[in-house]
Amino acid sequence: KVNENTRVYDNLDYKSEYKNITNSIEKITVTPYQTIMEVKSMITGIDNDTRYYVDEDIQWPMFFNYDITDKNGNSLSNISYEVKRTLYKKNDIVENWAPGDIREMSYFKDATIEYISYLLIENKEEKEEINIIPTFVTYLHPNEIEPNAFGEITEKMPMIKINLE
């Protein structure tokens, strides 16, 4: 019965872009009990020595969270988990990292990192529209550029409005 009432959406064009970061919804599966979304996060132009400071143009979040609401702004219970992390270096070298890994010893310049995550979202009666705001925290640590940096900055990306009708 669940399979009969499950809808799958792919080839989607839902994304949120902020500075050098793009979060895109790759696939949506709506079951009678929950909505499952595959999210691809691409972060471009990163260097191994810039992971702990904030630049005007470059951000490198270690992970993402998601504020999710229905069309009326009511919060929807959700959980996200990362399943894959891949680094693409400029010299065509690809490194597969464990989810959440930051590879302190890896050297790279102007690389792209990709995170694949899944969002599990509760279904409520009103599920034709889901609004997602990707958020991330940048952790600040003292470094050569900012020797007194410490703490964290929370950033919100633009909202993704998903129509499931």
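See above for the structure.
The following refers to the structure shown. (Residues numbered from 1 in each chain as written. Predicted model: local features only at pLDDT ≥ 70, side-chain atom pairs only at ≥ 80, totals over all residues. Heavy atoms only, no water.)

## Points about the nonpolar core
Counting residues in each nonpolar core, the largest one holds 29 residues, and the members touching the most others are Met-37 and Ile-132. Elements supplying a minimum of two residues to this core: β2 (21-30), β3 (34-46), β4 (64-70), β7 (111-122), β8 (129-140) and β10 (160-163). The element best represented in this core is β7, accounting for five residues. Setting aside residues no more than four positions away along its own chain, Met-37 makes contact with Ile-25, Lys-27, Ile-28, Ser-117, Tyr-118, Leu-119, Ile-121, Ile-130, Ile-132 and Ile-162. (Core = buried A, V, L, I, M, F, W, Y, C linked by side-chain atoms within 4.5 Å. Buried < 20%, exposed > 50% of the residue type's maximum accessible area, 1.4 Å probe, protein only. Helix = DSSP H or I, 4+ residues; strand = E, 2+ residues; numbered from the N terminus. Contact = heavy atoms within 4.5 Å.)

## Focus on the pattern of salt bridges
Counted under the stated rule, the structure contains seven salt bridges. Residue Lys-71 is joined to Glu-128 by a salt bridge in which the shortest nitrogen-to-oxygen separation is 3.2 Å. Pair noted here: Lys-71 is in the loop between β4 and β5 (78-88) and Glu-128 is in the loop between β7 and β8, with a separation of 57 residues, a long-range link. The exposure class of Lys-71 is partly exposed, given its relative accessible area of 42%. Since its relative accessible area comes to 22%, Glu-128 is described here as partly exposed. Between Lys-89 and Glu-95 there is a salt bridge, and its shortest N-O distance comes to 2.7 Å. Note on accessibility: Lys-89 and Glu-95 belong to one class, buried. (Salt bridge = Lys/Arg side-chain N within 4 Å of Asp/Glu carboxyl O.)

## Quick look at the pairing of strand β1 (residues 7-18)
Looking at chain direction, β1 and β2 are connected through nine bridges and run antiparallel. Bridged to Asp-10 within β2 is Lys-27. Taking the residues between adjacent antiparallel strands as the criterion, β1 and β2 are bridged by two residues, where Lys-19 takes a positive phi near 50°. (Pairing = 2+ DSSP bridges.)

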